[in-house]
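Descriptive structure summary
The primary structure of each chain is shown beneath.
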Amino acid sequence: MGHLRRLAELTFLIAFGLTEITTTVFDQYPILMWLGAVVVLAILVDSLRCARSQWRQLREARSGGEASG
């Protein structure tokens, strides 16, 4: 399930960037730009949370391996 969420987040980021670059929809509807920016911020926070969790798991695995070895 996590891989699908990551794929969806990446797809949104690419679509948001391409929409900004290639169209004028955000000029016509600025609320869409702000909503997209909120979603981008949510993706950033989620990515930081997941990265922190991964680092914690690596640190615990490393310290556990040194203690038993």
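Above this text is the structure in question.
Going along each chain's sequence as written, the residues are numbered from 1 onward. The predicted nature of this model means local features are confined to residues of pLDDT at least 70 and side-chain atom pairs, given and counted, to a pLDDT of 80 or more, with totals for whole chains, interfaces and linings taken over all residues. Side-chain numbers come from the whole structure's heavy atoms, not from hydrogens or water.

1. Comments concerning the overall build of the protein chain
The secondary structure content of the protein chain amounts to 3 helices and 0 strands. Labels follow the DSSP assignment, with helices taken as runs of H or I lasting at least four residues and strands as runs of E lasting at least two, numbered in each case from the N terminus. Listing every helix and strand of the protein chain by position from the N terminus yields α-α-α. On C-alpha atoms alone, the protein chain measures out to a radius of gyration of 18 Å, which is more than a quarter above the 11 Å that the 2.2 N^0.38 rule sets for 69 residues. Only the protein chains shown count as covering a residue, and every accessible area follows the Shrake-Rupley method with a 1.4 Å probe. In the form shown here, the protein chain has an accessible surface area of approximately 5,900 Å², with 69% of it arising from carbon and sulfur atoms. Where the 7 positive side-chain charges of the protein chain centre and where its 6 negative ones centre are 11 Å apart. As a reference, a globule follows 2.2 Å times the number of residues to the power 0.38, and the radius of gyration itself is taken over C-alpha atoms. The sign given to each residue is positive for Lys and Arg and negative for Asp and Glu; His and the chain ends receive no count. Note that the charge is assigned to NZ on lysines, CZ on arginines, CG on aspartates and CD on glutamates.

2. Quick notes on the side chain of D46
Mapped onto the elements, D46 comes out in helix α3 (residues 30-68). Taking the relative accessible area as the measure of exposure, D46 reaches 13% and is therefore buried. Between buried and exposed lies partly exposed: a residue is buried under 20% and exposed over 50% of the maximum accessible area for its type, with that area taken using a 1.4 Å probe on protein chains only.

3. Focus: the packing of aromatic side chains
Aromatic rings from Phe, Tyr and Trp, with only the six-membered ring used for Trp, were paired whenever their centres fell within 6.5 Å, and each pair was classed as stacked if the ring planes differed by under 30 degrees, edge-to-face if by over 60, and tilted otherwise. Evaluation of the coordinates by the stated rule reveals 2 aromatic pairs. Note on F12 and F16: the rings are 5.9 Å apart at their centroids and 20° apart in plane angle, and the pair reads as stacked. Remark: F16 and F12 occur in helix α1 (residues 2-22); sequence separation between them is 4 residues, near one turn of the helix. According to the relative accessible area criterion, F12 is partly exposed, its value standing at 28%. Ring geometry for F16 against F26: centres 5.2 Å apart, planes inclined by 45°, an arrangement best described as tilted. Placement of F16 in helix α1 and of F26 in helix α2 (residues 25-28) is noted, with a sequence separation of 10 residues between them. An aromatic cluster is defined as three or more aromatic residues linked by ring pairs; in this entry it consists of F12, F16 and F26.

4. Quick look at the pattern of salt bridges
Counted as salt bridges are all cases of a side-chain nitrogen of Lys or Arg within 4 Å of a carboxyl oxygen of Asp or Glu. For the structure on display, the rule yields 5 salt bridges. Put simply, E9 and R5 hold a salt bridge, and the shortest N to O gap is 3.8 Å. Of the two residues, E9 and R5 are both situated in helix α1; the distance of 4 residues between them amounts to about one turn of the helix. Residue R5 is joined to D46 by a salt bridge in which the shortest nitrogen-to-oxygen separation is 3.5 Å. Highlighted residues: R5 in helix α1 and D46 in helix α3, separated in sequence by 41 residues. On the basis of relative accessibility, which here comes to 39%, the residue R5 falls in the partly exposed class.

Coordinates in, geometry out; function isn't part of it.
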